[in-house]
Amino acid sequence: MVTNLQLIDELFLHARKKAFKEPYKCLFKECNANSIKSHLLQKNGVLSSIAVKKHVVTMYYPDFTKVDEDKIEFKKTGINNAMTYPLFCSTHDTDLFSSIEKDKIDYNDYKSQLLFSYRGLCSEIRKKQRNVRIYERLLDSPRMNILSPMHYTAILLQQISGFKQGISDMLRYKRLMENEIGGDKVQNFTFFYYKYPYIGICASAIFSPVDIITSAKATQLEPLNNVLINIIPDKSSIHIVIGYHKKYNDTWIVDYAKSWNDLSALQLQYMLTDLIAARIETWCLSPDVYEKISSKNLKQFKKYWSENVQNLSPSQRINFNLFAEV
Ligand SMILES: [Zn+2]
């Protein structure tokens, strides 16, 4: 017998599939062209440096109704598809990022730091927009009405409103960044750059560390404080670019950005574990790294992730090291 929960998961997967097939407009300014499949980080040079047989490992979670650690999957994904989203039209995808898609990238250069962060921000906006479409499709599904409709309608509406609030927040950051990309001399962001020996991981994302949203922020007079973070590997190093808005930050964010400085190998492993277990979702691993993760650590990761998926608190602490050598 199919239970209500199973049916909702099935409807969710169906809505997700449909939403993923929809066309989305280019995110750059008011460009009206359709977006292509944009790589969040360059395929040749970044993804290829951690890939094994042109594959990397990404995390996938298939269900909607409950977060079950046993269902979290780590999947090998071809580098043609890994870390791709419908972000920009072909012209903007090529032209905007040409300076950070060369062989030699100056990670200390403000404009490069801004471009990496801009693309990470756009991917978060697009993911939220796509989530809105998934949930709207679920709401519209006639089969949803068979189920306890009041309960799920309320949950879906609440989720949609949360996504939309996040989107409008990030659109403000997007406009500021686009003004700077367009030649505005004001530098609205502060970035830090750190370089460490190679680890097979990459990431590019934005997150808001919030315990309690203050009333001014809750009514959207001001955008939330956000951290912009990029982990960019090449064959010999990982380059970490981390930043925040000069006005919209707090002590935790400033301390966090500085805390990536001068880490031992072990400290770096803990920081990276904390990042992908507790803070962001857009990352991938080298199959070489994934295969070395002990089953105990992998289980701890899945347990932590499933229990804290909604937890944005800056004070949360992980107590394991995913990358520990065994
Ligand atoms: Zn465009």
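Quantities reported herein were computed from a predicted structural model and do not represent experimental measurements.

Conventions and cut-offs
All residue numbers refer to positions counted from 1 along the written sequence of the respective chain. Where totals are concerned, whole chains, interfaces and linings use all residues; where local detail is concerned, this predicted model gives features only for residues with pLDDT of at least 70, and gives and counts side-chain atom pairs only at 80 or more. Note: side-chain values were computed over all heavy atoms of the structure, leaving out hydrogens and water. Numbering of helices and strands runs from the N terminus; a helix is a DSSP stretch of H or I covering at least four residues, while a strand is a stretch of E covering at least two. For this measure, only C-alpha atoms enter the radius of gyration; the expected value for a globule follows 2.2 Å times N^0.38, where N is the number of residues. Accessibility here uses a 1.4 Å probe with only protein chains present; expressed as a share of the type maximum, an area under 20% marks a residue as buried, one over 50% as exposed, and anything in between as partly exposed. Only buried residues count toward a nonpolar core, which is a set of Ala, Val, Leu, Ile, Met, Phe, Trp, Tyr and Cys residues joined through side-chain atoms within 4.5 Å. Here the bounds of each domain stem from an automatic or database domain assignment. We call two residues in contact whenever any of their non-hydrogen atoms come within 4.5 Å of each other. Counted as coordinating are nitrogen, oxygen and sulfur atoms within 2.8 Å of the metal, or 3.2 Å for Na, K and Ca, while water is not included, which may make sites look incomplete. Only four donors with every angle between 85 and 135 degrees are called tetrahedral; only four or six donors with opposite donors over 155 degrees apart and all others between 65 and 115 are called square planar or octahedral, in that order; all others are irregular. Centres within 6.5 Å are what make two rings of Phe, Tyr or Trp a pair, Trp counting through its six-membered ring; a difference in plane orientation under 30 degrees is then read as stacked, over 60 as edge-to-face, and the rest as tilted. Cation placement over rings: the criterion is NZ of Lys or CZ of Arg within 6 Å of the ring centroid and within 35° of the ring normal. In this description, buried area is defined as the sum, over both parts, of the accessible area (probe of 1.4 Å) that is lost when the two are combined. Take a side-chain nitrogen of Lys or Arg and a carboxyl oxygen of Asp or Glu: if they are within 4 Å of each other, that pair is a salt bridge. The definition of a polar contact used here is a pair of N or O atoms within 3.5 Å, where within protein one atom must be able to donate a hydrogen and the other to accept one, and adjacent residues in sequence count solely through side-chain atom pairs.

Caption draft 1: Representation of the overall build of the chain. Helix and strand counts for the chain come out as 10 helices and 9 strands. Over its C-alpha atoms the chain spans a radius of gyration of 20 Å, differing by no more than 12% from the 20 Å that the globule rule assigns to 326 residues. Along the first, second and third principal axes, the C-alpha set of the chain runs to 55 × 50 × 40 Å. With 326 residues in all, the chain has 53% of them scored as buried.

Caption draft 2: The nonpolar core, seen in detail. Residues Met83, Phe88, Tyr118, Tyr135, Leu138 and Phe189 are the most contacted members of the largest nonpolar core, which totals 61 residues. Here this core spans two domains, since at least three of its residues come from each of domain 1 (4–60 + 82–181) and domain 2 (189–307). When sequence neighbours within four positions are dropped, the list of residues in contact with Tyr118 reads Leu27, Phe28, Lys29, Phe88, Leu96, Phe97, Lys174, Met177, Glu178 and Ile181. Core analysis: the second largest hydrophobic core is formed by 45 residues, Ile72, Ile201, Ile240 and Leu285 among them.

Caption draft 3: Structural context of the coordination of the zinc ion. Ligation of the zinc ion by protein atoms is provided by Cys26 (SG), Cys31 (SG), Cys89 (SG) and His92 (ND1), these donors lying 2.1 to 2.4 Å from the ion. Geometry at the zinc ion is tetrahedral, judged from its 4 donor atoms and the angles of 102 to 116° they form at the metal.

Caption draft 4: Layout of the packing of aromatic side chains. Considering all chains together, one arrives at 23 aromatic pairs under this definition. Centre to centre, the rings of Phe207 and Trp252 are 6.4 Å apart; their planes meet at 75°, and the pair counts as edge-to-face. Taken together, the residues Phe207 in strand β6 (residues 201–207) and Trp252 in helix α7 (residues 251–258) connect sequence positions 45 residues apart. Overall, Phe207 belongs to the buried group, its relative accessible area being 7%. Among the residues examined, Trp252 registers a relative accessible area of 23% and is labelled partly exposed. Within the aromatic cluster, the residues linked to one another by ring pairs are Tyr110, Tyr173, Phe189, Phe191 and Tyr248. Lying over the aromatic face of Phe97, Arg119 brings its terminal NZ or CZ to 4.5 Å of the ring centre. The lysine or arginine in question, Arg130, covers the ring of Phe20, its NZ or CZ lying 3.6 Å from the ring centre.

Caption draft 5: Quick look at the environment of Met144. Summarising the element assignment, Met144 is placed in the loop between α4 (110–140) and α5 (149–181). For the pair Met144 and Leu7, spaced 137 residues apart in sequence, the C-alpha separation works out to 8.8 Å.

Caption draft 6: How the structure looks around the domain arrangement of the chain. By domain assignment, the chain separates into domain 1 (4–60 + 82–181) and domain 2 (189–307). Each of domain 1 and domain 2 has a C-alpha centre, and these two points are 18 Å apart. When domain 1 packs against domain 2, close to 3300 Å² is buried across both sides, 67% of that on carbon and sulfur atoms. For the pair domain 1 and domain 2, the interface holds 0 salt bridges. Where domain 1 touches domain 2, the interface holds 10 residue pairs in polar contact (both at pLDDT 80 or more).

Caption draft 7: Layout of unusual backbone geometry. Phi angles above zero are rare outside glycine, and Lys53 is one such case at about 50°. By the secondary structure assignment, Lys53 is in the loop between α2 (43–50) and β2 (55–60). For Lys53, a relative accessible area of 77% gives the class exposed. A positive phi angle, close to 55°, is found at Met83, a residue other than glycine.

Caption draft 8: Geometry of the pattern of salt bridges. Enumeration according to the criterion identifies 12 salt bridges in this entry. Between Lys174 and Glu178 there is a salt bridge, with its nearest N and O atoms 2.8 Å apart. Taken together, the residues Lys174 and Glu178, both in helix α5 and 4 residues apart, mark about one turn of the helix. Linked by salt bridges that have partners in common, Glu22, Arg133, Glu136, Arg137 and Lys164 make up one network.

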